[in-house]
Protein chains: 2
Amino acid sequence: MPPVRIGLLGLGTVGGGVVNVLTRNAEEIARRAGRRIEVVHASARNLDAPRICPLEGILLTTDPMEVVENPEVDVVVELIGGMKPAGDLMRRALELGKPVVTANKALIAHEGMELFELAQRHHTMVAFEAAVAGGIPIIKAIREGLAGNRIEWLAGIINGTGNYILTAMRDEGRAFAEVLAEAQYLGYAEADPTFDVEGIDAAHKLTILAAIAFGMPLKFDEVYTEGISGIETDDVRYAGEFGYQVKHLGIARQRDDGVELRVHPTLIPERRLLANVDGVQNAVLVWGDSVGPTMYYGAGAGAEPTASAVVADLVDVVRTLTADPTHRVPHLAVVPDQISDMTVVPMDSIATAYYLRFAVEDKRGVLAKIAQILADHEVSIEAMMQKEMTEDERTLPIVMLTHQVREKDMDDALAEIEALDTVRAPVVRMRVETLDG
Amino acid sequence: MPPVRIGLLGLGTVGGGVVNVLTRNAEEIARRAGRRIEVVHASARNLDAPRICPLEGILLTTDPMEVVENPEVDVVVELIGGMKPAGDLMRRALELGKPVVTANKALIAHEGMELFELAQRHHTMVAFEAAVAGGIPIIKAIREGLAGNRIEWLAGIINGTGNYILTAMRDEGRAFAEVLAEAQYLGYAEADPTFDVEGIDAAHKLTILAAIAFGMPLKFDEVYTEGISGIETDDVRYAGEFGYQVKHLGIARQRDDGVELRVHPTLIPERRLLANVDGVQNAVLVWGDSVGPTMYYGAGAGAEPTASAVVADLVDVVRTLTADPTHRVPHLAVVPDQISDMTVVPMDSIATAYYLRFAVEDKRGVLAKIAQILADHEVSIEAMMQKEMTEDERTLPIVMLTHQVREKDMDDALAEIEALDTVRAPVVRMRVETLDG
C-alpha cells in the first residue's frame, strides 16, 4: 500500500520531534500501522530558522493553508498552537475530509465541541492525545482502557513547568521567582510563563480529561483555576513537616449534584505515588468504580515525548483508514507478516548487578578469600556489610552489592566460593536493576 | 441498534465481576459503546454454586460449548482459564467468526500465535487486555499509545500475589511461608500457589508484553523464570539497609543480538516509583525511545479490576463491529448524542481539608482567638505547629491542617481572622487531598 502522506503545520520543537520520530522509527511505525507514514509538506513561519530535524523530501512553505489544501496531503498534523490561525486551519482540513492530529490543548478546550461536530459531519476525525500530559497515553487509557468504569474522580500533575518549580523549591529551598527564572533559562518555562504558573494550561488539560472521563461537554470557562505563583518556600517546607508534598493538581470529581473541576496547589500525603512524581514529569491518577485507582506516569512535555503521542495518533488514524475493522489493531501490535522472530538471548550472556549474601564461619581471612575469588572472575564489589552472628547457625552473614557482571562469571565465582569449607552453600543471590534507562 | 449479546464462559470471580460491571454500569457502557452490551447465555461447572452476581435474564448451562455455538451469541467471553477446554472453546468461537474476549494469560502465552492466525482467517479477533496486569490498560498503552516508539525495555510487577507477599515480608519482618499461608487464607493466593510464587504466571504475562512491545512471536518457553519462594526475610531487610526494595519483576529488553526475557526477584533503588508499588498492586514501567519512561499502575487482579479490562475489550469490540471507522472511538468517549450537560458545582460548595499559615504578632491570646473563629465556622483543626519568629517581619508563623470544610465556611472564617489587627493578611491557604478514594 502507498504511504500515508502527512501535512505538518509547524516545524518548531514538537514539529521537529515528529519529523525525527517518523524518520528514525520509520520501519517500526510501518510494521505497526501497516503502511509507511511520510511527511510530504510542512509549513513554518520562517523557513531560514534553524531546525532540529532533517527536511529532505519535505516541501516547505510559509503558508500553512497551502499544506492543508494540498490534495497530496492525506492527514494534517497541527502543531502551531494557540487559537488563531490554528482553528481556521483545522476547520478547513476537516471540511476537506482530512483527519487532523493536534497537540493544541487551548484550541480543543475552547473550540473542541464545534471541531468534533465538524469532523463528524465530514466523516473524519480529530485526534488529540498529545494535548494532555505529553507522551502519556492518558486519553486513550480513559476513553478506551477504562471504558467499563464509571469514573469517580481523577487528579493529575498535568503541567511539567509547575511541577519542576515546586520540586526545586522543595529540594533546594529556593524562592518561586528564582526557580522560575532558572526554568526559563533552561527552556522548561516560556518567556511569558502565565499559562503555566497561573494554572491556565492545566485548566485546558483538565477540561479535556473531565469531558472524556464523564462524557460531558468541554467547559473550560467553568474550571476553578489557581496557580502556583503565590506559593512561598516556607509553606512547602512546613507542608513537608506535616508529612505532605505540595503539588499543583487538576482535579475532576463526579458528585450527585454535578462535577467539581478545579486546578490549585494541593497538599497530598508524601507516601502517595503521585507525591513522588517530581521535576517535569506528569502523572494522572484515575479512580474508576470497577478498577479502583490506576495511575499513568511519564514525560508531560518536550519534543520527542509529545511527538510520541502525535505519532501514536497518526498510527491510530492510519489503522482506521486502512485495516479491516477486525484487524485494526494487530493482535501483537505489528501486522502479522511483519512479526520478527527475535532471538531470546541466553541468561549466561546477560549482565546485571547483584546482591549476594554469604554465611561464613567467623575465621580470619574468609572475607579476603571471597573477595579474591570475586575479583578473579571480574566481579567488583560496590558495597559490603558484615552483619551480626546468627543465633541458630553460628555463621556471620556478609552481604554485598556488586557492579554489573555477566551471569556466567557470577556462576563461576559462586561455584568456587561455595566449594570453600568456611562458606555455607548456597550463597544467596538476587539481581539488582537501577531502572534508569 | 439492538444490544450486543454476550456468551460468558465461567461464572466464578472474574465472570461474576463482569456480570456485575455490565449490569451496574449498563447505561454508561452503552453511552460509550453506542449499543447496550448484555450477557444472554453463560456456563458454569456447577449451576448450584453461590454467585457474586445477579443471573436474571441469563440462560445458564453446564456446557460451555453450547454457549459458543448459540447463534444468539455475538461475542464470547472466555473466563474459564487454563489450557483445556478453554482452547477448544475459543477455537470454535473463532471458526464461527465470533470475537473472543479473554483473561486467559496461560492460553495466550502458549497458543496465542495459532489463535490469532485463526481469528485473522475468520475475520474476527481475540482481545486479551485482562490477561496482563488486571485492570491496567497496559496492552492498549503499549500496542496503541506508544506505537510511535521503539520500545527499549519494560519492567513490571505483574503478579499481585508475589508483591503482596514481598511487601508483608518487608513491612512485618515475617517469613515467606507464613505470609503465603495468610495470603491463601485471605484469598490473594491459590491453594496451589506454584504459578504465582514460582514466577510462571509472571512469565505468561511477560511473554505477552514482550511480544507486543517488540513485535515478536510469543516465546513462553524461552523466558528465564525464577520465583520468590526462596527469599528470606533477612535478605529483604539487608536490601533495605542498602537502600533497595526487593520486587519480583518481569523484564524484557531489546539488545542488538536479541531480547532478554526474564522473571526474577530484583533489588531496585527505593526512590523509584516502581519500588513504592506495594501489596497486591501491579505496575509496568515501559521505556520508549521517543517518550522515555512511562509507568502504568493499578490493581493486577480481583473480580472487578479484571472485569474492568474485559469490559473495555468488549467496548472495543462493539465499537469495531458497529461504528463507522472514523468514529470508532467517539471524540469525548461517549457517542455525541449521549454527551450529558453536567453542572459544574460552584467552588463555594466544595469541601476539602486545608493547610493554613497565619503570620501573627507575638501576643497572648492570638492563637485562642484564631481557634475560636475557626470553630465558630465549623473548621476543626487536625494538626498545628507554631514556628520560629521570622527575622524580617517580626511575626510568628502558625501553621495548621484542618479537617474537611466547605469553601464558603473557610472563606468566612478567614475574612474574620484577617480583620484581626494581630494577624497579618492575607492568611496563606492551600487545599489538602488524601487521594484515597
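Parameters and conventions
- Residues numbered from 1 in each chain as written.
- Chains lettered and ligands numbered in written order.
- Predicted model: local features only at pLDDT ≥ 70, side-chain atom pairs only at ≥ 80, totals over all residues.
- Heavy atoms only, no water.
- Pairing = 2+ DSSP bridges.
- Helix = DSSP H or I, 4+ residues; strand = E, 2+ residues; numbered from the N terminus.
- UniProt positions renumbered as here; feature names shortened; annotations may be inferred.
- Contact = heavy atoms within 4.5 Å.
- Phe/Tyr/Trp six-rings, centres within 6.5 Å; stacked < 30°, edge-to-face > 60°.
- Buried < 20%, exposed > 50% of the residue type's maximum accessible area, 1.4 Å probe, protein only.
- Least-squares fit on C-alpha atoms with pLDDT ≥ 70 in both.
- Patch = residues over 30% accessible without salt bridge, like charges linked within 9 Å, V, L, I, M, F, W, Y side chains within 5 Å.
- Areas by Shrake-Rupley, 256 points an atom, 1.4 Å probe, with all protein chains shown as cover.
- Salt bridge = Lys/Arg side-chain N within 4 Å of Asp/Glu carboxyl O.
- Right-handed = clockwise from strand over helix to strand, strands pointing away.
- Buried area = accessible area lost by both parts, 1.4 Å probe.
- Polar contact = N/O pair within 3.5 Å; in protein donor to acceptor, adjacent residues only side chain to side chain.
- Nonpolar A, V, L, I, M, F, W, Y, C, P; charged D, E, K, R; others polar.
- Domains from an automatic or database assignment.

## A look at the sheet that holds strand S6 (residues 126-127) of chain B
Residues and elements named next belong to chain B. Sheet architecture is open: 6 strands sit in the order S3-S2-S1-S4-S5-S6, paired in parallel fashion. Edge positions in the sheet fall to strand S3 (59-61) and S6, since each of these pairs with one other strand and no more. Bridge count between strand S4 (residues 75-78) and strand S5 (residues 100-102): 3 bridges; the pairing is parallel. Its bridge partner being in S5, Glu78 is matched across the sheet by Thr102.

## Here's the deal with the UniProt feature "active site" (unreviewed entry) in chain A
The UniProt record annotates "active site" (unreviewed entry) at Lys205(A). The residues touching Lys205(A), leaving out its near neighbours within four places in the chain, are Lys105(A), Ala131(A), Val132(A), Ala133(A), Ile158(A) and Asn159(A).

## Examining the packing of aromatic side chains
On inspection of all chains with the given rule, the structure shows 7 aromatic pairs over all chains. On the numbers, 5.5 Å between centres and 25 degrees between planes, the contact of Trp153(A) with Trp287(A) is stacked. Note that Trp153(A) is positioned in strand S7 (residues 151-157) and Trp287(A) in strand S11 (residues 281-288), a separation of 134 residues in sequence. Between Tyr296(A) and Tyr296(B), the aromatic rings sit 6.3 Å apart at their centres with planes inclined by 70 degrees, giving edge-to-face as the arrangement. A residue pair is termed interchain when its members come from two chains, as with Tyr296(A) in strand S12 (residues 292-299) and Tyr296(B) in strand S12 (residues 292-299). With a relative accessible area of 1%, Tyr296(A) lands in the buried category.

## Remarks on the relation of the copies chain A and chain B
Rotating chain A by 180 degrees and moving it 0.0 Å along the rotation axis overlays it on chain B with an RMSD of 0.0 Å. Such a turn and shift between the copies fits a two-fold axis. Proximity to the rotation axis, assessed at the C-alpha, singles out Tyr296(A) in chain A; its C-alpha lies 2.4 Å from the axis. In this assembly the copies share their binding face: 100% of the residues contributing to the interface of chain A also contribute to that of chain B.

## A look at the sheet that holds strand S5 (residues 100-102) of chain A
Taken together, the 6 strands give an open sheet; going across it, the order is S3-S2-S1-S4-S5-S6 (chain A), and neighbouring strands pair in parallel fashion. Two strands bound the open sheet, and with one partner strand each, they are strand S3 (59-61) and strand S6 (126-127) of chain A.

## Observations concerning a nonpolar patch on the surface
Together, Tyr185(A), Leu186(A), Tyr188(A) and Val280(A) make up a nonpolar patch on the protein surface, roughly 430 Å² of accessible area in all. Here Tyr185(A) is to be found in helix H8 (residues 176-186).

## A word on the pattern of salt bridges
Within the structure shown, the criterion is met by 94 salt bridges over all chains. The partner of Glu69(A) in a salt bridge is Arg92(A), with the nearest N and O atoms 3.0 Å apart. Within this pair, whereas Glu69(A) is found in helix H3 (residues 64-69), its partner Arg92(A) is found in helix H4 (residues 86-95), the two being separated by 23 residues in sequence. Exposure remark for Glu69(A): the relative accessible area of 37% places this residue in the partly exposed category. The partner of Arg253(A) in a salt bridge is Glu433(B), with the nearest N and O atoms 3.7 Å apart. With Arg253(A) in strand S9 (residues 244-255) and Glu433(B) in the segment after strand S17 (423-432), this residue pair bridges two chains. Arg253(A) sits in the partly exposed class, given a relative accessible area of 21%. When salt bridges with common partners are traced through the structure, they connect Lys140(A), Glu144(A), Asp316(A), Arg328(A), Lys140(B), Glu144(B), Asp316(B) and Arg328(B) into a single cluster.

## Examining the pairing of strand S4 (residues 75-78) of chain A
Residue and element names in this part refer to chain A. Residues Val75 and Val77 of S4 are buried on one face, and the alternating residues Val76 and Glu78, pointing to the opposite face, are buried as well. Summarising the sheet, strand S1 (residues 4-9) and S4 pair through 4 bridges and their orientation is parallel. Bridge assignment links Leu9 to a residue of S4, and that residue is Glu78. On the question of chirality, the crossover connecting S4 to the parallel S5 by way of H4 is right-handed.

## Some remarks on the interface of chain A and chain B
Taken together, the contact pairs 142 residues of chain A with 142 residues of chain B. When chain A packs against chain B, close to 12,100 Å² is buried across both sides, 60% of that on carbon and sulfur atoms. At the surface where chain A touches chain B, the tally comes to 24 salt bridges. Scanning the region where chain A abuts chain B turns up 62 residue pairs in polar contact (both at pLDDT 80 or more). In terms of residue class, the side of chain A that touches chain B is built from 77 nonpolar, 30 polar and 35 charged. Two strands pair when backbone bridges link them, and S12(A) and S12(B) are joined in this way by 3 bridges, in the antiparallel orientation. Bridged to Tyr296(A) within S12(B) is Tyr296(B).

## A closer look at the domain arrangement of chain A
Residue and element names in this part refer to chain A. Domain boundaries assigned for chain A yield domain 1 (4-134 + 304-338), domain 2 (138-300) and domain 3 (347-432). Each of domain 1 and domain 2 was reduced to a C-alpha centroid, and the two centroids are 27 Å apart. Across the boundary between the two partners, domain 1 contributes 16 residues, which contact 16 residues of domain 2. Here domain 1 and domain 2 share an interface that buries about 1,500 Å² over both sides, 69% of which is from carbon and sulfur atoms. The interface formed by domain 1 and domain 2 contains 1 salt bridge. In this structure, the salt-bridge partner of Asp316 is Lys140, at a minimum N-O distance of 2.8 Å. For the pair domain 1 and domain 2, the number of links is 6 residue pairs in polar contact (both at pLDDT 80 or more).

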